[in-house]
Amino acid sequence: MTTFENADNKEIDKFDRVSQIWWDPKGEMGTLHTINPLRTNFIMEKINTPNPKILDVGCGGGILSEALAKAGAQVTGLDLSDASLQVARQHSQQQGLNIEYRYERVEDLAQKEAGTYDVVVCMEMLEHVPEPSKVIAACAQALKPGGLAFFSTINRTPKGFLFAIVGGEYILRLLPRGTHTYSKLIRPIELKNWNREAGLEFVRLASLMYNPFTRKFKVAADKEDVNYMAHFTKKN
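Residues numbered from 1 in each chain as written. Predicted model: local features only at pLDDT ≥ 70, side-chain atom pairs only at ≥ 80, totals over all residues. Heavy atoms only, no water.

### Describing the overall build of the chain
So, step 1. Scanning the chain from N- to C-terminus turns up 8 helices and 8 strands.
So, step 2. Considering the chain as a whole, with its 236 residues, one finds that 54% of them fall into the buried category.
So, step 3. Contacts in the chain between residues far apart in sequence, at least 24 positions, make up 70% of those at least 6 positions apart. (Helix = DSSP H or I, 4+ residues; strand = E, 2+ residues; numbered from the N terminus. Buried < 20%, exposed > 50% of the residue type's maximum accessible area, 1.4 Å probe, protein only. Contact = heavy atoms within 4.5 Å.)

Written out as structure tokens, the structure reads:
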């Protein structure tokens, strides 16, 4: 296996192992399919650029990439799980979508294509890398001035541990067991600080709230809960 700086091979292995179930809405990745319309809307509702050029960092099997492409974006997806990328390419071709998938670090892409993208999205990925701040800095570098960045991750709180890890992975089976490590979860203040250091200004935050009785999610604006999404903009 290729060894990348600021990447954890154990984390990559996890996603290699689940690569064949990315597109099974009833499988262990089903939660991503459930929340995907909510994430897509959170991103697209603030984009004013027609046919925006979007970079999806940590795209996995392409669930979000495809939704963004169907919404009219020109999408480039990055991931270090080659098995997941193969699934993503195959599925997008079946859907007739023109998405460029690359086996590449965002840090390397950002050096070659600085200031190229209208939007960068990095969802449920930061908690899987050794140094999230470096990924955020690279995302900022890849953005055009005035470009938008969207991140989602899990809050490092006792509630986050109880709901996302114990409840989500072991009781409700919303995700494969072992998907998340508590110490790698990220508090909103940490995310905001890393973005500010990278030259990105905070715009808004929202959380994905899960109701175990209806088994549905909803978006709660301005709420710092377990699963949260944040929107930033690059200074002109």
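### Topic: the packing of aromatic side chains
So, step 1. Inspection of every chain in the model, using the stated rule, returns 3 aromatic pairs.
So, step 2. Ring geometry for F42 and F150: centres 6.0 Å apart, planes at 75°, overall edge-to-face. Remark: F150 occurs in strand β5 (residues 143-154) and F42 occurs in helix α2 (residues 30-44); sequence separation between them is 108 residues. F150 matches F42 in its accessibility class, with the two residues each being buried.
So, step 3. Pairing F151 with F232 gives two aromatic rings, centres 6.0 Å apart and planes at 65°, and the pair type is edge-to-face. In this pair, F151 is assigned in strand β5 and F232 in strand β8 (residues 227-234), connecting sequence segments 81 residues apart.
So, step 4. By relative accessible area, F151 is classed as buried at 0%.
So, step 5. Overall, F232 belongs to the buried group, its relative accessible area being 1%.
So, step 6. Ring-pair connections join several aromatic residues into one group, and the members of that group are F151, F202 and F232.
So, step 7. The aromatic ring of Y117 is capped on one face by K53, whose charged end is 5.2 Å from the ring centroid.
So, step 8. A cation over a ring is seen here: R204 above F42, with NZ or CZ 3.9 Å from the ring centre. (Phe/Tyr/Trp six-rings, centres within 6.5 Å; stacked < 30°, edge-to-face > 60°. Lys NZ or Arg CZ within 6 Å of the ring centre and 35° of its normal.)

### Quick notes on the side chain of K234
So, step 1. One can find K234 in strand β8.
So, step 2. The side chain of K234 sits in the buried core without any salt bridge; D118 is the nearest counter-charge, 11 Å away.
So, step 3. Here the side chain of K234 touches A140 through a polar contact of 2.9 Å, landing on its backbone oxygen.
So, step 4. If we ignore the near neighbours within four places in the chain, the residues touching K234 are A140, Q141, L143, K144, P145, G146, G147, G199 and L200. (Lys, Arg positive; Asp, Glu negative; His and termini not counted. Salt bridge = Lys/Arg side-chain N within 4 Å of Asp/Glu carboxyl O. Polar contact = N/O pair within 3.5 Å; in protein donor to acceptor, adjacent residues only side chain to side chain.)

### A short note on the state of the cysteines
So, step 1. Counting across every chain of the model gives 0 disulfides.
So, step 2. No disulfide involves C122; its sulfur sits 5.0 Å from the nearest other cysteine sulfur, which is in C139.
So, step 3. Take C139: its relative accessible area is 0%, and that puts it in the buried class. (Disulfide = S-S within 2.5 Å.)

### Details of unusual backbone geometry
So, step 1. If you check the backbone angles, E124 has positive phi at about 55° while not being a glycine.
So, step 2. Structurally, the position occupied by E124 is in the loop between β4 (117-123) and α6 (132-142).
So, step 3. Of note, D222 is a non-glycine position whose phi angle comes to about 60°, a positive value.
So, step 4. Residue position: D222 is located in the loop between β7 (216-221) and β8.
So, step 5. Note on D222: relative accessible area 67%, which makes it exposed.

### Comments concerning the packing of α2 against helix α3 (residues 63-70)
So, step 1. The geometry of α2 relative to α3 is characterised by a closest axis approach of 10 Å and an angle of 45° between their N-to-C directions. Relative to α3, the element α2 is oriented oblique. Both α2 and α3 take part in a crossing whose hand is right-handed. Packed against α2, whose contacting residues are L32, H33, N36, R39, T40, I43 and M44, the element α3 presents I63, L64, A67 and L68 at the interface.
So, step 2. A per-class count over the contact of α2 with α3 returns 7 nonpolar, 3 polar and 1 charged. (Axes fitted to C-alpha atoms, helices over the stretch in contact; angles between N-to-C directions. Parallel < 35°, antiparallel > 145°, perpendicular 65-115°, else oblique. Left-handed = near helix turned anticlockwise from the far one by under 90°. Nonpolar A, V, L, I, M, F, W, Y, C, P; charged D, E, K, R; others polar.)

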